[in-house]
Amino acid sequence: MRTVALSTRLTKGEAEKIDALAAELGLDRGALLKQLIRKGYVDIQTERALRAYRQGSVTLSRAAEIAGLSLREILLKLPEESIELNYNRRELERDLEGFDYGSDS
């Protein structure tokens, strides 16, 4: 996998917290920063997806796609965020289109 180097500036206090956590976890700073960036990316995408779903601008399946989660995983997040399921028949039919039910042949 090809990688690129990124850089950012943090306060001394932020850097110290990162270094302390890295030491606690037995990681070097770079490895911890990668984990933090990946987790932060997933969290931000999930927040965006749930906000769009709450506003009614995307379907549940589209929200799952934006968040990079399965439909089941996004469904489990709804109560955590006090979001009601708003799923109608048209959305169900659209989600079932192209679904592979498996074949007996």
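Residues numbered from 1 in each chain as written. Predicted model: local features only at pLDDT ≥ 70, side-chain atom pairs only at ≥ 80, totals over all residues. Heavy atoms only, no water.

1. Looking at the nonpolar core
Here is step 1 of the chain: In terms of nonpolar packing, the biggest core is built from 13 residues, with Tyr-53, Val-58, Ile-74 and Leu-78 touching the most fellow members.
Here is step 2 of the chain: Within the residue set of this core, elements represented by two or more residues are helix H2 (29–55), helix H3 (60–67) and helix H4 (71–80).
Here is step 3 of the chain: The element best represented in this core is H3, accounting for 5 residues.
Here is step 4 of the chain: When neighbours within four sequence positions are excluded, Val-58 is seen to be in contact with Ala-49, Ala-52, Tyr-53, Ala-63 and Ile-66. (Core = buried A, V, L, I, M, F, W, Y, C linked by side-chain atoms within 4.5 Å. Buried < 20%, exposed > 50% of the residue type's maximum accessible area, 1.4 Å probe, protein only. Helix = DSSP H or I, 4+ residues; strand = E, 2+ residues; numbered from the N terminus. Contact = heavy atoms within 4.5 Å.)

2. Topic: the side chain of Thr-59
Here is step 1 of the chain: Checked against the element boundaries, Thr-59 lands in the loop between H2 and H3.
Here is step 2 of the chain: What makes Thr-59 buried here is its relative accessible area of 18%.
Here is step 3 of the chain: Within the structure, Thr-59 has its side chain in polar contact with the backbone nitrogen of Arg-62 (distance 3.1 Å).
Here is step 4 of the chain: Apart from residues no more than four positions distant in its own chain, Thr-59 is found in contact with Tyr-53, Glu-91 and Arg-94. (Polar contact = N/O pair within 3.5 Å; in protein donor to acceptor, adjacent residues only side chain to side chain.)

3. Points about the packing of H2 against H4
Here is step 1 of the chain: Running from amino to carboxyl end, H2 crosses H4 at an angle of 75°, the nearest separation of the two axes being 11 Å. The angle between H2 and H4 falls in the class roughly perpendicular. Each of Thr-46, Leu-50 and Tyr-53 in H2 lies in contact with H4, whose residues at this interface are Ile-74, Lys-77 and Leu-78.
Here is step 2 of the chain: Residue composition of the contact of H2 with H4, grouped by class: 4 nonpolar, 1 polar and 1 charged. (Axes fitted to C-alpha atoms, helices over the stretch in contact; angles between N-to-C directions. Parallel < 35°, antiparallel > 145°, perpendicular 65-115°, else oblique. Nonpolar A, V, L, I, M, F, W, Y, C, P; charged D, E, K, R; others polar.)

In short, the description is geometric, and any link to function would need to be established separately.
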